[in-house]
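What follows is the residue order along each chain.
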Amino acid sequence: MEIRRIVPVGHQGQAEPDVRGALMQDALRNTDVVIENPEEASGVWRMAGNPLEVAIVRAAAKEGVFIPELIKDEGASERRPFTSEAKFSVAITHADSTHRVSILGAPEIVLGFTTLAEKQKEEIRAMIDDFASKGERVLGVAAKDHPHKEEAIHANAPFSGFRFEGLISFYYPLRPGV
């Protein structure tokens, strides 16, 4: 599995590398990948974990976002893992005096948690449909910051008010000889 596209959304006026990096950071916070040799160059990392999450870690490293550094800077995160019922995962991390809540999951679900206008959501749904018609699997990423952890997330609270960070699409390259 490989990442085909990283599509930041709604970051007018910001530099492309910055918004791509922010999108990948929020996606990384929702991964559970073990790197056997993190002290080596990222191109030779040996990783274990969900293939989709391994692809996120690899793509983030290519964007200059390294999960060992992110963990070192933010510490461990609290996570609500992806489930087929919910169709998204949630991670809460702490940096400075803020708690960051990052969501990674089915884009139609994640879009429902955001503050985007309906017209923007329709444009993003059209992109999702286009990517899917090309055989790509698509995930949405959203995030928001809270000054207090207690307000960041409650087990039964509805998710709302998130900033939509963008889309990540994946594809399965053909195996040799297929």
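Source: prediction; values computed, not measured.

Caption draft 1: Fine view of the overall build of the chain. Each helix and strand in the chain was counted, giving 6 helices and 8 strands. In sequence order, the chain lays out its α and β elements as β-α-β-β-α-α-β-β-β-α-α-β-α-β. Going through the 178 residues of the chain one by one, you find that 43% of them count as buried. Considering only residue pairs separated by 6 or more positions, the chain has 64% of its internal contacts joining residues 24 or more positions apart. Of the roughly 9700 Å² that the chain leaves accessible, carbon and sulfur atoms contribute 51%.

Caption draft 2: Up close: the nonpolar core. Judged by nonpolar contacts, the single largest core of 26 residues is most densely connected at Ile3, Met24, Leu28, Ile56, Val57 and Phe170. Elements supplying a minimum of two residues to this core: strand S1 (2-8), helix H1 (16-28), helix H2 (51-62), helix H3 (67-74), strand S7 (137-146) and strand S8 (163-171). Tallying contributions element by element places H2 first for this core, with 8 residues. Apart from the residues lying within four places of it in its own chain, the contact partners of Ile56 are Ile3, Met24, Ala27, Leu28, Thr31, Leu104 and Phe170. The next biggest cluster of nonpolar side chains, apart from the first, holds 20 residues, and it includes Val9, Ile92, Phe131 and Phe164.

Caption draft 3: Region of interest: the packing of aromatic side chains. Across all of its chains, the model carries 5 aromatic pairs by this definition. Ring geometry for Trp45 against Phe66: centres 6.4 Å apart, planes inclined by 80°, an arrangement best described as edge-to-face. One end of the pair, Trp45, is in the loop between strand S2 (34-35) and strand S3 (47-48); the other, Phe66, is in the loop between H2 and H3, and 21 residues separate them in sequence. Taking the centre distance of 6.2 Å and the plane angle of 45° together, the rings of Phe159 and Phe162 count as tilted. Across this residue pair, the class does not change: Phe159 and Phe162 are buried. Among the aromatic residues, ring-to-ring pairing joins Phe88, Phe113, Phe159 and Phe162 into one connected group. One cation-aromatic arrangement involves Arg4 over Tyr171; the distance from NZ or CZ to the ring centre is 3.9 Å.

Caption draft 4: Here's a closer look at the sheet that holds S1. Across the sheet, 6 strands lie side by side as S1-S8-S7-S6-S5-S4; this open sheet has antiparallel pairing. Because the sheet does not close on itself, it has two edges, and the strands there are S1 and strand S4 (78-80). Each neighbouring strand pair of the sheet contributes to a mean axis angle of 20°, computed without reference to strand direction. Here 8 bridges tie strand S5 (residues 88-95) to strand S6 (residues 98-105), and the two strands are oriented antiparallel to one another. The residue bridging Ala95 from the neighbouring strand is Thr98, located in S6. The sheet strands contacting helix H5 (residues 118-133) are S1, S7 and S8, and the helix crosses S8 at an angle near 10°.

Thresholds, definitions, all that
Residues numbered from 1 in each chain as written. Predicted model: local features only at pLDDT ≥ 70, side-chain atom pairs only at ≥ 80, totals over all residues. Heavy atoms only, no water. Helix = DSSP H or I, 4+ residues; strand = E, 2+ residues; numbered from the N terminus. Buried < 20%, exposed > 50% of the residue type's maximum accessible area, 1.4 Å probe, protein only. Contact = heavy atoms within 4.5 Å. Areas by Shrake-Rupley, 256 points an atom, 1.4 Å probe, with all protein chains shown as cover. Core = buried A, V, L, I, M, F, W, Y, C linked by side-chain atoms within 4.5 Å. Phe/Tyr/Trp six-rings, centres within 6.5 Å; stacked < 30°, edge-to-face > 60°. Lys NZ or Arg CZ within 6 Å of the ring centre and 35° of its normal. Pairing = 2+ DSSP bridges. Axes fitted to C-alpha atoms, helices over the stretch in contact; angles between N-to-C directions.

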